Amino acid sequence: KKRIGILTSGGDCPGLNCVIRAVVSHATLTYDWEVVGIPYATQGLLERQAIALSVHGWDLRGIDPLLNMGGTILGTINKGDTLARASEMIAGYAELKLDALIAIGGDGSMNIIHQLATLGNWNLITIPKTIDNDVALTERAIGFDTAVNTIVDALNRLTFTAASHDRVMIVEVMGRTAGHLALHSGIAGGADVILIPEVTYTIPGLCQHLDELRNTWRRKFAIVVVAEGISPCVADFGNSCGLELNNKSPSLKCGMGQYIADQITQCTNHEVDTRVSVLGHIQRGGIPSALDRLTATVFGKAAVDLIAQEKYDQMVAWQNGQVVSVPIADVVAKSPSPVDPGSYLIHSARALGTYVGEW
Ligand code: F6P
């Protein structure tokens, strides 16, 4: 009989509890294993904490809240996963008498935990999660779909207020260095402009597009989706954010949404009224979408089956409509995975008249 540990690491996202539910149910019902939750990622290993998790035991009335609860019941950390106390963490795995560990994380935590597993000879399986969707070798990561839906909902709301006031609404979305969130939500939400780190944009190009919308198409409002990770245009220094040259690379005192709003105000000679919405951590909350629940369920089941086969150092992945497993070392080497600038999504957005950078 195996005793397996499960932990969530890195920024939270909707769907993590669905994975925990799937792992506990499958491991218990199919294999009769014991599953323990390690709280706060590697912090739990340092503190030698293991919480017993049992199937059907979540609620007094037998209701299973894990299916539709955001966040993670195990808690998580996104800055503390370091190798500084590696030997203590490695000893924690042994002292907690784990036969295997399932870590649900993004590329950053996966990298650290994989190194710990190699040093400590752990039996490790990982499951990709991140609203940024930038884990390599998988087409899906848990949390991304719900975050896209949350942004699209915000874009729907902002469209009506923008149209009523003839305003340009700039919406800054998360994604760190990748533009997947901005691109997917911008297309689904009907944005007029989508700026992502992977595609160069120009202020004249952006402004010409907004000008055509107003003057040629008589559309007096616009929705501009800005990924938080885009860079400022070096040539455009006149903004109220206090753009400064810092070690030759420009740095901003405000977010990229405000920077873009300032550029639009200037290039339209203050004729256009702009407003900025930074969606922030709202994007990480909420009830997991059906797709995230489905992915979480099949990923959780697949992770348990990999342990049964004793096939370790693998990440569960989604490729071409199938659940597969890939070596964690390969995932770490290829992550974070950016948007392909030649992608069909970008061609489609442009074909429908959306400005997605360049010219
Ligand atoms: O990686 C997920 C993510 O939500 C990014 O999109 C964002 O830049 C970052 O985490 C925010 O991290 P924190 O929760 O530390 O503010």
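Residues numbered from 1 in each chain as written. Predicted model: local features only at pLDDT ≥ 70, side-chain atom pairs only at ≥ 80, totals over all residues. Heavy atoms only, no water.

**Q** Give me the lowdown on the site of the ligand, citing residues and values where you can.
**A** Contacts to the ligand come from Asn78, Lys79, Ile131, Asp132, Met174, Gly175, Arg176, Glu228, His281 and Arg284. Backbone polar atom of Gly175 to an oxygen atom of the ligand: 3.1 Å apart, as the coordinates give it. Relative to its free-state accessible area of 400 Å², the ligand is covered by the protein chains to the extent of 76%. Cavity membership is defined here by more than half of the atoms lying within 2 Å of grid points; on that basis the ligand lies in the largest pocket. A class-by-class count of the residues in the shell around the ligand yields 2 nonpolar, 3 polar and 5 charged. (Near = heavy atom within 4 Å. Polar contact = N/O pair within 3.5 Å; in protein donor to acceptor, adjacent residues only side chain to side chain. Areas by Shrake-Rupley, 256 points an atom, 1.4 Å probe, with all protein chains shown as cover. 1 Å grid on protein atoms, 1.4 Å probe; cavity = no way out; pocket = protein on both sides within 12 Å on 5 of 7 lines; lining within 4 Å. Sits in = over half its atoms within 2 Å of the grid points. Nonpolar A, V, L, I, M, F, W, Y, C, P; charged D, E, K, R; others polar.)

**Q** A description of helix H1 (residues 16–29) should follow, citing residues and the corresponding values.
**A** Across its 14 residues, H1 extends 20 Å between first and last C-alpha, which sits within 8% of the 20 Å expected from 1.5 Å per residue. Counting buried positions along H1 yields 10 of 14 residues, so the element is predominantly enclosed. Listing the buried residues of H1 in full gives Leu16, Asn17, Cys18, Val19, Ile20, Ala22, Val23, Val24, His26 and Ala27. (Helix = DSSP H or I, 4+ residues; strand = E, 2+ residues; numbered from the N terminus. Expected span 1.5 Å × (residues − 1). Buried < 20%, exposed > 50% of the residue type's maximum accessible area, 1.4 Å probe, protein only.)

**Q** Before we move on, can you summarise the layout of surface pockets with the specific residues and values?
**A** A volume near 530 Å³ is recorded for the largest pocket. In terms of residue class, the lining of the largest pocket is made up of 6 nonpolar, 12 polar and 10 charged. Considered as a void within the structure, the second largest pocket measures approximately 390 Å³ in volume. In this structure, the second largest pocket is lined by 21 residues; those nearest its centre are Asn133, Glu139, Phe144, His180 and His184. (Points joined across faces, edges and corners; volume = space filled by probe spheres on them.)

**Q** An account of the packing of H1 against helix H9 (residues 290–308) is requested, with residue identities and associated values reported.
**A** The interhelical angle for the contact between H1 and H9, taken along N-to-C directions, is 40°, at an axis separation of 8 Å. Judged by the angle between their axes, H1 and H9 are oblique. The way H1 lies across H9 gives a crossing that is right-handed. For the pair H1 and H9, contact is made by Cys18, Val19, Ala22, Val23, His26 and Ala27 and by Arg293, Ala296, Thr297, Gly300, Lys301, Val304 and Asp305, respectively. Split by residue class, the contact of H1 with H9 holds 7 nonpolar, 3 polar and 3 charged. (Axes fitted to C-alpha atoms, helices over the stretch in contact; angles between N-to-C directions. Parallel < 35°, antiparallel > 145°, perpendicular 65-115°, else oblique. Left-handed = near helix turned anticlockwise from the far one by under 90°. Contact = heavy atoms within 4.5 Å.)

**Q** Describe helix H6 (residues 180–188), and please don't skip the residues or the numbers.
**A** Every buried residue belonging to H6 is among His180, Leu181, Ala182, Leu183, Ser185 and Gly186, and all of these are buried. Considering only its buried residues, H6 is in contact with helix H5 (144–165), strand S6 (167–173), strand S7 (193–195), strand S8 (222–227) and helix H11 (344–351). Once H6 ends, the next one or two residues include Gly190, with phi positive near 70°.

**Q** Which residues make up the pattern of salt bridges, and what values go with them?
**A** A full pass over the atoms with the stated rule returns 14 salt bridges. A salt bridge links Arg219 to Asp192, with the shortest nitrogen-to-oxygen separation between them at 2.8 Å. Of the two residues, Arg219 is situated in the loop between helix H7 (203–215) and S8 and Asp192 in the loop between H6 and S7; the sequence distance between them amounts to 27 residues. Residue classification places Asp192 among the buried positions, given a relative accessible area of 8%. (Salt bridge = Lys/Arg side-chain N within 4 Å of Asp/Glu carboxyl O.)

**Q** Give a description of the state of the cysteines that names residues and reports values.
**A** Evaluation of the coordinates by the stated rule reveals 1 disulfide. Two residues, Cys207 and Cys267, share a disulfide whose sulfurs are 1.8 Å apart. For the disulfide bridge between Cys207 and Cys267, the dihedral angle about the S-S bond is near -85°, and by the sign convention the bridge is left-handed. Here Cys207, found in helix H7, pairs with Cys267, found in helix H8 (residues 256–267); they are 60 residues apart in sequence, far enough to count as distant. For Cys207, a relative accessible area of 10% corresponds to the buried category. Under the relative-accessibility criterion, Cys267 is labelled partly exposed at 33%. With no disulfide of its own, Cys13 lies 9.9 Å from the sulfur of Cys18, the closest cysteine sulfur. Judged by its relative accessible area of 1%, Cys13 falls in the buried class. (Disulfide = S-S within 2.5 Å.)

**Q** Please give an account of the sheet that holds S6 that cites residues and values.
**A** Strand order in the open sheet made by the 4 strands is S7-S8-S6-S11, with parallel pairing throughout. Edge strands, defined here as strands with exactly one partner in the open sheet, are S7 and strand S11 (273–278). Taking the axes of each pair of neighbouring strands and ignoring which way they run, one obtains an average angle of 15° across the sheet. One ladder, built from 6 bridges, connects S6 with S11; its direction is parallel. For Val168, the partnering residue across the bridge sits in S11 and is Thr274. (Pairing = 2+ DSSP bridges.)

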